[in-house]
Amino acid sequence: MDSIEIPKRIETINSFKAQGGKVAAVLPIHYSRALFRAFDILPVEVWGPPEVEASYGGVHLQAYVCSIVHNALSFLKKGGLEIADFILVPHACDSLQGLGSILLDFVKPTQTVAPLYLPRGKRTEDKQFLADEFRALARQLSNLTGKEPGDDKLLECIEREEQADLLLADLYRNRTGLGLDNLSFYRLIRSREYLPAEQFTELAQTALEKHSARNPNGIPILLSGIVPERMEVLKAIEELGGFVVADDFACCGRRLYPKGNERDPFLRMAERIINAPPDPTRGNSIDERAEFLINLAQTYGAKGVIFYELKFCEPELFDLPNLRNSLKQAGLNSVHIEVDIKDPLSNQVITRIGAFLEILE
Amino acid sequence: MDKIVALGIDVGSTTVKMVGVNASGDFEWNYLEGSDPRVEDQVDSFLQRFRTETGMTDSVPLVATGYGRKLVGQAEKIVTEITCHAKGVFKQLGHGGTLIDIGGQDSKVIIIGEEGQVVDFAMNDKCAAGTGRFLENTAGRLRVPLDQMGEVAIAARDEVAISSTCTVFAESEIISLIAHGVKVEPILKGLHRSLIIRVVAMVRSIGLIPPLMLSGGVVKNPAIRKMIEEESGEPVILPEQPQLMGAYGAALIAQKIAVG
Ligand code: SF4
């Protein structure tokens, strides 16, 4: 199987709306999909998007703010989010927090804009705090839709997302046997950013059933960062002789949320996020991240790590020197490549990846 | 001349270099000329010249490197300039360390391990300010021939600090300095310093492992070497043909293909 038919974002939104549902535009990184679905709202994530005239956001943002935030604001100002009935801005970092304030105080879009504060720890109090944040968000969603889903409905939605996330984890575990190239694999994984869980589940099951015996060739590597944009980079890696066997991307591998145990739906939503793989935007330490990456590389046989980072992404870049050092001490080579989602994939980026793969050879 | 068993070509932004090596990987033949946008035609003419000058008619493996490497259809293999420079310099100098390569379009710092392997690298390729192009453009403004810039800069007693971090702005800054009656020599010295400070910052960002080595066409300029020593506090070692190290490294990889 070389590729898989994935419904397009706009088709998905239109068909969801045609059935009477609403749509929420959600900025990175962590939130609860189940909560939105309980109110018949489809969450559609906005990671940029890359192909947008980014100058519209420049009126409100400094040049040293990352391109995800620049592009998201530009996209909104150009009317790209008009289809959405609600906008959620999780406070993953200072830049997103700033964007939340700019939207609320200056841009004032017609839709309700809600922030979501994320705790930076894993204590019981952190879980409680996040559950309260979800309760507050639920009140806003209730105002928007007039719906008041009970605990049973909430738990039903959570379980449906858990099922989709278990399949997502299965896709990762079986990736080398799926017969998908790097680009097709990530197109499938990233469809979770906008597909309803039930549709994603079907797609994932199809992909897993079509299990192929053809094993990919190439130097096994692990990717880390926020988002693999421009996605052509995934193809370039393969052409240069590499194969991505695992990732620690904020939009992908860092959101392999485990199944929860709590019976209270809000605590269950919080628990799942708090127990997700380490992420600097949730306050995990460099040691935790290094241990996680080393284990991931060992499990999947990765020979090196490409830190594919967005320029000016503080949470990522602050950790990087020490994190790379820890990996080096564990015998794991890494390279740091900095990109801007506004720019097309450059020859220079390709040379850096090529040189790194030559080192690993 | 021993029999040449392999060729390497480095298609750079300003010059194209070809090197031929014998079965032991020793340097036997080379040729260099300015870059032509019709890369494959230029490579054909290099191969023709190689046959004419050496009298060798057998086909030998060719490995291509440099920013135009993908356009060399005649190559058996393409390899990045990072790996090639490291291989070439290691073979010539016989030890690892930190290699600075300042090219026309980019500059790189490569940490070479004890067995000649690339351990780490950093590149500046987004901004002309850390590359040979910076000096080239600004030399044009000052009407000083490129091959004399280094000597003029070294001879200058005074030095003017150039604050612009961008080639285009540096040019306007130079015009303004000249308009204020500042002499060419101190401006040139300041320009060299500005380039070297950027390159040495890149060395620090990756961590200097001595000895410090230098390659690339720009090192023919004596001020570059002197200022790198001043700014880094480390003596600098140069291979014999610094400008040909990329092509030489490519030829060494081709030699492995030739001898198996
Ligand atoms: S890329 Fe980094 S700085 Fe930008 S929104 Fe994401 S976490 Fe924040």
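That block above? That's the structure.
Bear in mind the structure is a predicted one, so any value in this text is a computation, not a measurement. (Residues numbered from 1 in each chain as written. Chains lettered and ligands numbered in written order. Predicted model: local features only at pLDDT ≥ 70, side-chain atom pairs only at ≥ 80, totals over all residues. Heavy atoms only, no water.)

## Regarding the site of the ligand
All names here are of chain A.
Then comes step 1: In the neighbourhood of the ligand, the contacting residues comprise Cys66, Ile68, Val69, Cys93, Ser95, Leu96, Ile226, Leu310 and Cys313.
Then comes step 2: Among the secondary structure elements, those contributing two or more residues to the shell around the ligand are helix H3 (67-77) and helix H4 (94-107).
Then comes step 3: For the shell around the ligand, a count of residues per class yields eight nonpolar, one polar and no charged.
Then comes step 4: Both domain 1 (9-149) and domain 2 (211-360) contribute no fewer than three residues apiece to the shell around the ligand. (Near = heavy atom within 4 Å. Helix = DSSP H or I, 4+ residues; strand = E, 2+ residues; numbered from the N terminus. Nonpolar A, V, L, I, M, F, W, Y, C, P; charged D, E, K, R; others polar. Domains from an automatic or database assignment.)

## Observations regarding the interface of chain B and chain A
Then comes step 1: Taken together, the contacts link 15 residues of chain B with 14 residues of chain A.
Then comes step 2: Of the roughly 1,300 Å² buried where chain B meets chain A, counting both sides, 49% is carbon and sulfur surface.
Then comes step 3: The interface formed by chain B and chain A holds one salt bridge in total.
Then comes step 4: Between aspartate 120 of chain B and arginine 324 of chain A there is a salt bridge whose closest N-O contact spans 3.7 Å.
Then comes step 5: Our count for the contact surface shared by chain B and chain A stands at five residue pairs in polar contact (both at pLDDT 80 or more).
Then comes step 6: Those elements that place two or more of their residues in the side of chain B that touches chain A are helix H2 (81-93) and strand S8 (118-124) of chain B.
Then comes step 7: When the residues that make up the side of chain B that touches chain A are grouped by side-chain class, the tally is seven nonpolar, two polar and six charged. (Contact = heavy atoms within 4.5 Å. Buried area = accessible area lost by both parts, 1.4 Å probe. Salt bridge = Lys/Arg side-chain N within 4 Å of Asp/Glu carboxyl O. Polar contact = N/O pair within 3.5 Å; in protein donor to acceptor, adjacent residues only side chain to side chain.)

## Regarding the packing of helix H3 (residues 132-142) of chain B against helix H6 (residues 184-206) of chain B
Residue and element names in this part refer to chain B.
Then comes step 1: Two elements in contact, H3 and H6, have axes separated by 11 Å at closest approach and are oriented at 170°. Relative to H6, H3 is oriented roughly antiparallel. Contacts between H3 and H6 involve Phe134, Leu135, Thr138 and Leu142 from the former and Val184, Ile187, Leu188, Leu191, His192, Ser194, Leu195 and Arg198 from the latter.
Then comes step 2: Taken together, the residues of the contact of H3 with H6 break down into eight nonpolar, three polar and one charged. (Axes fitted to C-alpha atoms, helices over the stretch in contact; angles between N-to-C directions. Parallel < 35°, antiparallel > 145°, perpendicular 65-115°, else oblique.)

## Digging into the sheet that holds strand S3 (residues 86-90) of chain A
Residue and element names in this part refer to chain A.
Then comes step 1: Within the open sheet, the four strands sit side by side as S2-S1-S3-S4. Their pairing is parallel. Looking along the sheet, the strands with just one partner apiece sit at the ends: strand S2 (41-45) and strand S4 (112-116). Going across the sheet, the axis of each strand differs from the next one's by a mean of 25°, ignoring polarity.
Then comes step 2: As judged from the five bridges shared by S3 and S4, these two strands associate in the parallel manner. Residue leucine 88 lies in a different strand from S4, and its bridge partner there is alanine 114.
Then comes step 3: Each of strand S1 (22-26) and S2 is contacted by helix H1 (residues 9-18), which is oriented at about 165° to S2, the strand it contacts most.
Then comes step 4: Against the sheet, H4 contacts S3 and S4, and its axis sits at roughly 145° relative to S3. (Pairing = 2+ DSSP bridges.)

## Details of the pairing of strand S9 (residues 212-215) of chain B
All names here are of chain B.
Then comes step 1: The side-chain alternation of S9 yields two buried faces, one formed by Leu212 and Leu214 and the other by Met213 and Ser215.
Then comes step 2: Both S9 and strand S10 (residues 236-237) contribute to a ladder of two bridges, which runs parallel. Considered in S10, the bridge of leucine 212 is made with valine 236. (Buried < 20%, exposed > 50% of the residue type's maximum accessible area, 1.4 Å probe, protein only.)

## What about the sheet that holds S10 of chain B?
Where strands meet in a sheet, backbone hydrogen bonds hold them as pairs that are either parallel or antiparallel.
Then comes step 1: Spatial strand order, S8-S7-S6-S9-S10 (chain B): five strands in an open sheet with mixed pairing. Of all strands in the sheet, those with a lone pairing partner are S8 and S10 of chain B, marking the two edges.

## A closer look at the side chain of serine 334 of chain A
All names here are of chain A.
Then comes step 1: Residue placement: serine 334 occurs in strand S8 (residues 333-339).
Then comes step 2: Of the residues examined, serine 334 reaches a relative accessible area of 8% and is grouped as buried.
Then comes step 3: A polar contact of 2.8 Å, which involves the side chain of serine 334, links it to the side chain of arginine 324.
Then comes step 4: Contact partners of serine 334, with chain neighbours within four places excluded, come to Val305, Phe307, Arg324 and Phe356.

## A word on empty space enclosed by the protein
Residues and elements named next belong to chain A.
Then comes step 1: For the structure shown, the criterion picks out four cavities of 30 Å³ or more.
Then comes step 2: Volume-wise, the largest cavity comes out at about 170 Å³.
Then comes step 3: Of all elements in the fold, only H3, H4 and helix H12 (314-329) reach the threshold of two or more residues within the lining of the largest cavity.
Then comes step 4: Classifying every residue of the lining of the largest cavity by side-chain character gives 14 nonpolar, two polar and two charged.
Then comes step 5: Taken as a whole, the second largest cavity holds about 140 Å³ of empty space.
Then comes step 6: Lining the second largest cavity are 14 residues, and of these Tyr31, Ser32, Arg33, Tyr257 and Arg272 sit closest to its centre.
Then comes step 7: Counted by class, the lining of the second largest cavity contains seven nonpolar, one polar and six charged residues.
Then comes step 8: Formed jointly, the lining of the second largest cavity draws a minimum of three residues from each of two domains, domain 1 (9-149) and domain 2 (211-360). (1 Å grid on protein atoms, 1.4 Å probe; cavity = no way out; pocket = protein on both sides within 12 Å on 5 of 7 lines; lining within 4 Å. Points joined across faces, edges and corners; volume = space filled by probe spheres on them.)

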